[in-house]
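Understanding the architecture of this molecule
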Number of protein chains: 2
Amino acid sequence: MNSFNSYNKRLKKNQSPLLLSPGPVILATPIKKSLSQDMWHHRSFLFKKALRKISSDLKILFQTKQDVLILACTGTGAMEASLSNILSPKEEVLCVSAGKFGERWKEIALAFNLKPIVIEVPWGQAVSIKEIEKHLNNKNIKALLITACETSTATEQPIKEVAKLLKNYPDILLVVDAITGLGAMELKMDKWGIDVMIAGSQKTFWLPAGLAFICLSQKAWKKNLSSKLPKYYFDLNKERQAQQKGETAFSSSVSLIRALSVSLKLLKKKGLKNLIIRTETLKKACHIFCKFLGLELFSSKPANSLTALKVFSADSIKKNLERKHGIFIAGGQGQLKNKILRIGHLGPLTNKDFIRALKALGFELVKQKPDLFTKTKIKMALKKVEDILKPS
Amino acid sequence: MNSFNSYNKRLKKNQSPLLLSPGPVILATPIKKSLSQDMWHHRSFLFKKALRKISSDLKILFQTKQDVLILACTGTGAMEASLSNILSPKEEVLCVSAGKFGERWKEIALAFNLKPIVIEVPWGQAVSIKEIEKHLNNKNIKALLITACETSTATEQPIKEVAKLLKNYPDILLVVDAITGLGAMELKMDKWGIDVMIAGSQKTFWLPAGLAFICLSQKAWKKNLSSKLPKYYFDLNKERQAQQKGETAFSSSVSLIRALSVSLKLLKKKGLKNLIIRTETLKKACHIFCKFLGLELFSSKPANSLTALKVFSADSIKKNLERKHGIFIAGGQGQLKNKILRIGHLGPLTNKDFIRALKALGFELVKQKPDLFTKTKIKMALKKVEDILKPS
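None of these values were measured; they are calculated from a predicted model.

1. Side note on the overall build of chain A
Along chain A, the regular secondary structure elements total 15 helices and 14 strands. The C-alpha radius of gyration of chain A comes to 21 Å, within 12% of the 21 Å expected for a compact globule of 392 residues. For chain A, the spread of C-alpha atoms along the three principal axes comes to 65 × 55 × 30 Å. Here chain A, with 392 residues, has 55% of them falling under the buried criterion. Here the contacts in chain A between residues at least 6 apart in sequence split such that 73% fall between residues at least 24 apart.

Rendered as structure tokens:
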């Protein structure tokens, strides 16, 4: 086991921690370079040109012909926008709540005077299609709100199947939080018939947080015409009109949007299919590591974007990884606090980065439970990981 | 008159245009360096530490003891937040509308089912205190919404006097859009009794757009308790609870917030008083230049942050400055389109930058109206400017 510089030493050297959280992700050098560029004005012809290119590139990732709008906010702002732009007070919405981010759908619905009907799914599980179907004969339901990848539990929800089911209920809009999912799992907006899909910059877009993306189907735009919930900063109609002219409705977050043009270039070069395969490969490597060491996965339907594993003293391991190894992974949220660790598979991680992180995790496991884990066992587990990951 | 590299040439050299717009402003080197740093996680102890320091520094600029909250949005988001967090549907608000940003107060009020009563002030003028007073006996008015520096007309509104007047009407909250004003003009939140004050990152904070700041008085927080307008992403109560713990309620815009910690260090070093004096000095220099050349100012109560001047073919001059000289100033908005130019006095502009911009403007004026302007006259005007600005 190599020794690692302490966090403080790394910082003094201006080295930042290795991020294996499910967002934010590490920044690739061209992104960092772009962020440090001199400012442009957001009404300059240069910026307009960049924005037009971005708009067309975003459609590729969303697999859509519709406009994908950029919002200057984090993902939660786009969640709010997706409800406030298509619904009216007192309308009923069906929320799939299978973790912290599913719960957020309900919270936003309540805050905006909607009537949420909640399907409570045990954390770590995927929703059952039959359970959803039971509610759909309720003619008052105007939208179904679901999370593609529930980040708090590392669980994938069956979006394709839900979309297929909703084909029989054309009056219900399908609203998908794809903040941690888009670009890491299959999500075919137009083909499957998703009505609203949102994403955030700090996950599969390889950027810092601060931008969110939202796309509405034609059906959703039609519903927007009669929507009566209040909105101004998140008025998507206004935003669409502006972005079709190469502007944003209000001041543009120029640095992040310019960096987006760079990240989209990198992502396009890799290709959506390869990006998904890469995330899956890291997931498989992570699963092998856990399985070999007898660490139980938390989710019964594990996501590509991140893996959640049950461990003793999760928070203490997380803290040691951060402070001693300069490696940041996530812990459990809400009811899962101190019970799980969450390892992200997103961003421009190299195999070396990934192995380094698992190695450090192994090191901490040995330290915590020397009766259960040995250096030799960790080494063998890492060998399995290396077998799956081709040399980068 | 020096010749300038063309815009395209500058860009090929990775040189960006000189910004003299009233936001965004040019970025100082330490800010650019900070923006290009490796990512941190927003729940890391390092980030928490940075956020705590920022919170305390922001109070200095706002001249307040209250919490100044950071929002991941542009200024308009903070405008929305300032209404949605203190008001309830159907409540009446008095809007001072003296330009595009005053009009925005009304638009947001209407979007959120408030009842705006609008004082229409001719563009370029300051509101009369007597005119405001006329409305204040209306017991239904819950808040007065005003713009400290109306960016669309380069006009300062008499915030101190309005605040003084409102002392006699303790049930009316004073809400000040200080997006272009804070740090460039006197705005004493606590001392004057401002109840809500907002600012944006891309103006006097020397940063890219993407962050906004909001501060509520104790009276405003009290009104927040009974506020019934819907909010979730902009729920300031939730945000305050999080930021008091060194976190943000949702994902943090880490890169911009870290850059904020750098800019606050720079601004603190200069001192609020000196920052205001510097802006005033650039204003004076700009006024002298205009006066000497017989260019009329648009505003009868000119702001510190920017100067608006009436010129023929404003848009053509603006375009030439951008494309031929790499200098970006703003044109007129709304009813002022093609009628005025707006020159910003914000950001880390050196005297050399400022003179270069005025020189280029002079060059374009001579080209447009050789009968009115001569190279010699421009040189003499620039001499006056140099006399006011000490060598940087």
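Alright, that's what it looks like, and here's the rest.
2. Observations regarding the confidence of the model for chain A
Residues and elements named next belong to chain A. Taken residue by residue, chain A gives an average pLDDT of 94. The fraction at 70 or more is 95%. Ignoring residues within four places in sequence, the model shows residues 1–8, a span with pLDDT below 50, making 15 contacts including any to other chains. Ignoring residues within four places in sequence, the model shows residues 10–14, a span with pLDDT below 50, making three contacts including any to other chains. Reported confidence for the predicted complex is 0.95 by ipTM and 0.95 by pTM.

3. Quick notes on the sheet that holds strand β14 (residues 340–344) of chain A
Residue and element names in this part refer to chain A. Spatially, β11-β14-β13 is the arrangement adopted by the three strands of the open sheet, whose pairing is antiparallel. Each having just a single partner strand, β11 (306–310) and β13 (330–331) make up the two edges of the open sheet. Of the pairings in the sheet, the one linking β13 to β14 comprises two bridges and is antiparallel in character. Within β14, the residue paired with Ala 330 across the bridge is Arg 342. Where helix α13 (residues 314–325) meets the sheet, it contacts β13 and β14, and its direction lies at approximately 40° from that of β14.

4. Quick word on the pairing of strand β5 (residues 141–147) of chain A
All names here are of chain A. In terms of residue burial, β5 counts as a mostly covered element, since five of its seven residues are buried. For strand β3 (residues 92–97) and β5, the ladder comprises four bridges, and the chain directions are parallel. By the bridge assignment for β5, Glu 92 is matched with Ile 141. In this structure, β5 lies alongside strand β8 (residues 173–177), joined through five bridges in parallel fashion. Residue pairing for β8: Leu 144 is matched across the bridge by Leu 174.

5. Focus on the environment of Leu 211 of chain A
Residue and element names in this part refer to chain A. Among the secondary structure elements, Leu 211 is positioned in the loop between β9 (196–200) and β10 (212–216). Leu 211 gets classed as buried once you count the C-beta atoms within 10 Å, which come to 27. Expressed as a C-alpha distance, the spacing of Leu 211 and His 41, which sit 170 residues apart in the sequence, is 18 Å. Here Leu 211 is in contact with Ile 70, Leu 71, Ala 72, Ser 201, Ser 253, Leu 256, Ile 257 and Leu 260, once residues within four sequence places are set aside.

6. Things to note about the relation of the copies chain B and chain A
Mapping chain B onto chain A calls for a screw motion: a turn of 180° about the axis and a shift of 0.0 Å along it, with 0.0 Å RMSD after fitting. What the superposition gives is, in effect, a two-fold axis relating one chain to the other. Interface overlap between copies is the fraction of interface residues in one copy that are interface residues in the other; for chain B against chain A it reaches 100%, indicating a shared surface.

7. Looking at the nonpolar core
One finds Leu 71, Ile 198 and Ile 214 of chain A together with Leu 71, Ile 198 and Ile 214 of chain B to be the most contacted residues of the largest nonpolar core, which totals 268 residues. For Ile 198 of chain A, the contacting residues outside a window of four places in its chain are Gly 75, Ala 78, Met 79, Ser 82, Asp 177, Ala 178, Ile 179, Ala 212, Phe 213 and Ile 214 of chain A.

8. Quick word on the interface of chain B and chain A
On the side of chain A, 48 residues touch chain B, which itself brings 48 residues to the contact. Secondary-structure elements contributing two or more residues to the side of chain B that touches chain A are α2 (29–35), α4 (75–84), α5 (100–111) and α11 (254–270) of chain B. Top contributing element to the side of chain B that touches chain A by residue count: α4 of chain B, with four residues. Split by residue class, the side of chain B that touches chain A holds 23 nonpolar, 18 polar and seven charged.

9. Things to note about helix α7 (residues 159–166) of chain A
All names here are of chain A. Every buried residue of α7 is accounted for by Ile 159, Val 162, Ala 163 and Leu 166. Projected onto a plane normal to the axis of α7, the buried residues spread over an arc of 100° and lie on a single side. The inward-facing, buried residues of α7 contact α6 (129–135), β5, β8 and α8 (189–192).

10. With respect to the sheet that holds strand β10 (residues 212–216) of chain B
Residues and elements named next belong to chain B. Pairing in this open sheet of seven strands is mixed, and the strands run β2-β10-β9-β8-β5-β3-β4 from one edge to the other. Of all strands in the sheet, those bounded by a partner on one side alone are β2 (68–71) and β4 (115–120). The sheet shows a mean angle of 20° between the axes of neighbouring strands, direction not considered. In this sheet, β10 lies alongside β2 in antiparallel orientation, the contact comprising four bridges. Opposite Leu 69, over in β10, you have Ile 214 as the bridge partner. This element, helix α3 (residues 45–62), spans β2, β9 (196–200) and β10 of the sheet and lies at about 110° to β2.

11. Some points on the domain arrangement of chain A
How big an interface is tends to be expressed through the accessible area that disappears when the partners come together. Residue and element names in this part refer to chain A. The domain architecture assigned to chain A consists of domain 1 (7–22 + 271–388) and domain 2 (29–269). Across the boundary between the two partners, domain 1 contributes 24 residues, which contact 24 residues of domain 2. It is helix α12 (residues 272–293) that contributes the most residues to the side of domain 1 that touches domain 2, four residues altogether. A breakdown of the residues in the side of domain 1 that touches domain 2 according to their chemical character gives twelve nonpolar, ten polar and two charged.

12. Focus: the pairing of β4 of chain B
All names here are of chain B. When strand β3 (residues 92–97) meets β4, the two strands line up parallel, connected through six bridges. If you follow Val 93 over to β4, its bridge partner there is Pro 116. With α5 bridging β3 and its parallel neighbour β4, the resulting β-α-β unit is right-handed.

13. With respect to helix α10 (residues 236–243) of chain A
All names here are of chain A. All buried positions along α10 are accounted for by Leu 236, Glu 239 and Gln 243. Buried residues of α10 fall within an arc of 60° about the axis and therefore sit on the same side. Summarising the contacts, the buried residues of α10 are in contact with α3 (45–62), β2 (68–71), α4 (75–84), β10 and α9 (218–226).

14. Here's the deal with the packing of helix α13 (residues 314–325) of chain B against helix α14 (residues 351–368) of chain B
Residue and element names in this part refer to chain B. At a minimum axis separation of 10 Å, α13 and α14 run at an interaxial angle of 125°. Viewed along their axes, α13 and α14 adopt a mutual orientation that is oblique. Here the hand of the crossing between α13 and α14 comes out right-handed. Along the contact surface, α13 presents Ile 317, Asn 320, Leu 321 and His 325, while α14 presents Ala 360, Leu 361, Glu 364 and Gln 368.

15. Some thoughts on the packing of α14 of chain B against helix α15 (residues 375–388) of chain B
Residues and elements named next belong to chain B. Where α14 contacts α15, the axes come no closer than 10 Å and their chain directions differ by 160°. In terms of their interaxial angle, α14 and α15 are classed as roughly antiparallel. Between α14 and α15 lies a crossing of right-handed hand. Listed contacts from α15 to Ile 355, Leu 358, Lys 359, Gly 362 and Val 366 of α14 are Lys 375, Ile 378, Ala 381, Leu 382, Val 385 and Glu 386. Tallied by class, residues from the contact of α14 with α15 come to seven nonpolar, one polar and three charged.

16. Considerations on unusual backbone geometry
Residues and elements named next belong to chain A. The omega angle of the peptide bond from Gly 23 to Pro 24 is 5°, so this bond is cis rather than trans. Unusually for a residue other than glycine, Lys 90 sits at a positive phi of about 75°. Following the sequence through the fold, Lys 90 ends up in the loop between α4 and β3. The residue Asn 338 is not glycine, and still its phi comes out positive at about 70°. Within the fold, Asn 338 resides in the loop between β13 and β14.

The rules behind the values
- Residues numbered from 1 in each chain as written.
- Chains lettered and ligands numbered in written order.
- Predicted model: local features only at pLDDT ≥ 70, side-chain atom pairs only at ≥ 80, totals over all residues.
- Helix = DSSP H or I, 4+ residues; strand = E, 2+ residues; numbered from the N terminus.
- Rg over C-alpha atoms; globule rule 2.2 N^0.38 Å.
- Buried ≥ 20, exposed ≤ 12 C-beta atoms within 10 Å, placed from the backbone.
- Contact = placed C-beta atoms within 7 Å.
- pLDDT = per-residue confidence, 0-100.
- Pairing = 2+ DSSP bridges.
- Axes fitted to C-alpha atoms, helices over the stretch in contact; angles between N-to-C directions.
- Least-squares fit on C-alpha atoms with pLDDT ≥ 70 in both.
- Core = buried A, V, L, I, M, F, W, Y, C linked by C-beta atoms within 7 Å.
- Nonpolar A, V, L, I, M, F, W, Y, C, P; charged D, E, K, R; others polar.
- Arc of directions from axis to C-beta.
- Domains from an automatic or database assignment.
- Right-handed = clockwise from strand over helix to strand, strands pointing away.
- Parallel < 35°, antiparallel > 145°, perpendicular 65-115°, else oblique.
- Left-handed = near helix turned anticlockwise from the far one by under 90°.

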